[in-house]
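Observations on the three-dimensional arrangement
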Number of protein chains: 2
Amino acid sequence: MKAGSLTVVGLGPGNPDQMSPEAAAAVTAAEDFFGYFPYIDRLNLRPDQRRHASDNREELARARAALEMAAGGGKVCVVSGGDPGVFAMAAAVCEAIDEGPALWREIDFSVVPGITAMLAVAAKAGAPLGHDFCAISLSNNLKPWDVIEKRLIAAATAGFVMAFYNPISKARPHQLGEAFDILRTHLPGSVPVIFGRAAGRPDEVIRIVPLAEATGDMADMATCVIVGTAETRVIERENQRPIVYSPRYFRGTGA
Amino acid sequence: MKAGSLTVVGLGPGNPDQMSPEAAAAVTAAEDFFGYFPYIDRLNLRPDQRRHASDNREELARARAALEMAAGGGKVCVVSGGDPGVFAMAAAVCEAIDEGPALWREIDFSVVPGITAMLAVAAKAGAPLGHDFCAISLSNNLKPWDVIEKRLIAAATAGFVMAFYNPISKARPHQLGEAFDILRTHLPGSVPVIFGRAAGRPDEVIRIVPLAEATGDMADMATCVIVGTAETRVIERENQRPIVYSPRYFRGTGA
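In this text the structure is predicted, and so the values were computed from the model without any measurement.

1. Let's talk about the interface of chain A and chain B
Residue-level contacts link 72 residues of chain A with 72 residues of chain B. With both sides pooled, the region where chain A packs onto chain B buries about 6000 Å², and carbon together with sulfur makes up 59% of that total. A per-residue breakdown of the area chain A buries against chain B is headed by Asp132(A), Arg151(A) and Arg248(A), which together make up 13% of the total. Here Glu59(B) and Arg248(A) are joined by a salt bridge, their closest N and O atoms 2.6 Å apart. Linking chain A with chain B are 34 residue pairs in polar contact (both at pLDDT 80 or more). The element contributing the most residues to the side of chain A that touches chain B is helix H4 (residues 89–99) of chain A, with eight residues. Looking at the side of chain A that touches chain B, its residues break down into 39 nonpolar, 14 polar and 19 charged. When strand E7 (residues 133–137) of chain A meets strand E7 (residues 133–137) of chain B, the two strands line up antiparallel, connected through three bridges. By the bridge assignment, Ala135(A) is partnered in E7(B) with Phe133(B).

So this is what it looks like as structure tokens:
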């Protein structure tokens, strides 16, 4: 039997106007949908399209179920918020293919990119990712905390802007506060920190505070946190939110 | 007189199906368009919409001209490839506002995010950005080479996947080759390197080679280069391009 297809689709950060036409077309073409239930709920599926929604923490099991169905000839779509390649479903599906039966390598596998959270949050703040930057997941479910700590120090001392994904959860309430404590020993207290939640959606919250005042309880699991560098600047404006940007040129301020 | 508006719009990596509906709506709403001419040429502008195309190296002058027009009451759009906040026009506009007259801070300023090149290239390869990663511009027009070198070493030794923007140009033919030489002293030669050009367009080229064999002449100025880590894996397949992915979990392989 010929294997079917599996497409991992990025729906963007939540505002339907930020989902690409390519992603919309991939959704129209698929028959079976796997994903975290709030992402599946965003889609206007037809009655003939089947939903296989699951909890957020079951990524590998979900990937395997989707691959199993694709290997049987199905037209399968795995849905992801933001971009599927950034702390989302694409890597989980690849892991499952790597460890799975040979047949899974015959599946017509593709990934449709999307706008990832840090880009949507950065756009609302100005251009905080305007020079070299990095993206770090603060979840220590999949890597030890000392690796995260090492990466935070490397990024801060080398002058990368940082975007934090998975900054905090009920099971991991202390990571973000600890990360700020570590960064305060390597960066000036004036460095701007942006907390972005639901960027581009009606319930959007964008908050800008200096690193010296940043605390873990300013974020929840749906927040993307961006930490500037000593080069990052804030432009104050009357009656409008300040603009935060990281200049393209290197001045050599601070560190 | 009341100031007008200026929106910096990300058109995505080149495939029109990867441009968001939000970006399309921003283009429809604007009257004057500033940008690098190939980006302006991508738009289907109406006869009443005005083009102010310019060369790629005139970013700050272009930003000032756009702000000047917006300050005079215009509905101005600055167009950018990919995402405007990632090595593109958003930071240049912010720099101009920061250094410009007070009136420019009254402009209704916004940024519309887009899919940036590294996400489009990563999607074509699998999930190479599947764990912590960074984005580095290899252009030393705006920062000294020793800063770039320091960031390359920091990223390699801390285990970040790297995406290189502006890897090479006629004026800077040696940077990418030097970057690979530096990385070879810190990473195993087997680490996969992805060269992605025109991802998602008819002339797309995706090439995957081990770091040991990567050379500067494998890229041109329109290429986005992704360098994995010791954790990054390649899944070989029959009759299909290999899949490259960086696992979400940290194994502690290599460095």
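2. A short note on the pairing of strand E4 (residues 75–80) of chain A
Residue and element names in this part refer to chain A. Within E4, five of the six residues are buried, leaving the element largely enclosed by the surrounding structure. Pairing of strand E1 (residues 5–10) with E4 involves six bridges; the strand directions are parallel. For Ser5, the partnering residue across the bridge sits in E4 and is Lys75. Pairing analysis gives three bridges linking strand E2 (residues 32–36) to E4, with the strands arranged parallel. Paired with Phe33 across the bridge in E4 is Cys77.

3. Section: the packing of helix H3 (residues 59–71) of chain B against helix H4 (residues 89–99) of chain B
Residues and elements named next belong to chain B. Contact geometry of H3 with H4 gives a least axis separation of 9 Å together with a crossing angle of 65 degrees. Crossing hand, H3 versus H4: right-handed. Across the interface between the two elements, Glu59, Leu60, Arg62, Ala63, Arg64 and Leu67 of H3 pack against Met89, Ala92, Val93, Glu95, Ala96, Ile97 and Glu99 of H4. Partitioning the contact of H3 with H4 into residue classes produces eight nonpolar, no polar and five charged.

4. Some points on the packing of aromatic side chains
In total, this model carries ten aromatic pairs over all chains according to the counting rule given. With a centroid separation of 5.3 Å and an interplanar angle of 55 degrees, the aromatic rings of Tyr36(A) and Phe37(A) are classed as tilted. A residue is classified by how much of its surface remains accessible, and Tyr36(A), at 18% relative accessible area, is buried. Note on Phe37(A): relative accessible area 41%, which makes it partly exposed. For the ring pair Tyr36(B) and Tyr39(B), a centre distance of 5.4 Å and an interplane angle of 80 degrees mean the geometry is edge-to-face. Over the ring of Phe160(B) we find Arg151(A); its NZ or CZ atom is 6.0 Å from the centre of that ring.

5. A word on the pattern of salt bridges
As enumerated under the stated definition, the model contains 30 salt bridges over all chains in all. Residues Asp32(A) and Arg50(A) are paired through a salt bridge, measuring 2.9 Å at the closest nitrogen-oxygen approach. Of this pair, Asp32(A) sits in strand E2 while Arg50(A) is found in strand E3 (residues 50–54), placing the two residues 18 residues apart along the sequence. Overall, Arg50(A) belongs to the partly exposed group, its relative accessible area being 45%. Residue Arg64(B) is joined to Glu99(B) by a salt bridge in which the shortest nitrogen-to-oxygen separation is 3.8 Å. Of this pair, Arg64(B) sits in helix H3 while Glu99(B) sits in helix H4, placing them 35 residues apart in sequence. Judged by its relative accessible area of 37%, Arg64(B) falls in the partly exposed class. Shared partners join several salt bridges into a network, and the residues in it are Glu59(A), Glu95(A) and Arg248(B).

6. So, the side chain of Arg237(B)
In this structure, Arg237(B) sits in the loop between strand E12 (233–235) and strand E13 (243–245). No salt bridge forms around the buried Arg237(B); measuring N to O, its nearest opposite-charge neighbour Asp108(A) is 6.5 Å away. Looking at Arg237(B), its side chain comes within polar contact range of the side chain of Gln240(B), at 3.3 Å. Only 2.6 Å separates the side chain of Arg237(B) from the backbone oxygen of Arg241(B), close enough to count as a polar contact. Residues in contact with Arg237(B), not counting those within four places in the same chain, are Arg105(A), Ile107(A), Phe109(A) and Ile243(B).

7. Remarks on the domain arrangement of chain A
Residue and element names in this part refer to chain A. Per the domain assignment, the segments making up chain A are domain 1 (5–115) and domain 2 (118–245). Placing the centre of domain 1 and that of domain 2 at their C-alpha centroids yields a distance of 28 Å. With eight residues of domain 1 at the interface, the matching set in domain 2 holds eleven residues. Contact between domain 1 and domain 2 buries roughly 690 Å² in total, counting both sides, with carbon and sulfur atoms accounting for 66%. Linking domain 1 with domain 2 are two residue pairs in polar contact (both at pLDDT 80 or more). Of the residues assigned to the side of domain 1 that touches domain 2, the class counts are four nonpolar, four polar and no charged.

How each quantity is defined
Residues numbered from 1 in each chain as written. Chains lettered and ligands numbered in written order. Predicted model: local features only at pLDDT ≥ 70, side-chain atom pairs only at ≥ 80, totals over all residues. Heavy atoms only, no water. Contact = heavy atoms within 4.5 Å. Buried area = accessible area lost by both parts, 1.4 Å probe. Salt bridge = Lys/Arg side-chain N within 4 Å of Asp/Glu carboxyl O. Polar contact = N/O pair within 3.5 Å; in protein donor to acceptor, adjacent residues only side chain to side chain. Helix = DSSP H or I, 4+ residues; strand = E, 2+ residues; numbered from the N terminus. Nonpolar A, V, L, I, M, F, W, Y, C, P; charged D, E, K, R; others polar. Pairing = 2+ DSSP bridges. Buried < 20%, exposed > 50% of the residue type's maximum accessible area, 1.4 Å probe, protein only. Axes fitted to C-alpha atoms, helices over the stretch in contact; angles between N-to-C directions. Left-handed = near helix turned anticlockwise from the far one by under 90°. Phe/Tyr/Trp six-rings, centres within 6.5 Å; stacked < 30°, edge-to-face > 60°. Lys NZ or Arg CZ within 6 Å of the ring centre and 35° of its normal. Lys, Arg positive; Asp, Glu negative; His and termini not counted. Domains from an automatic or database assignment.

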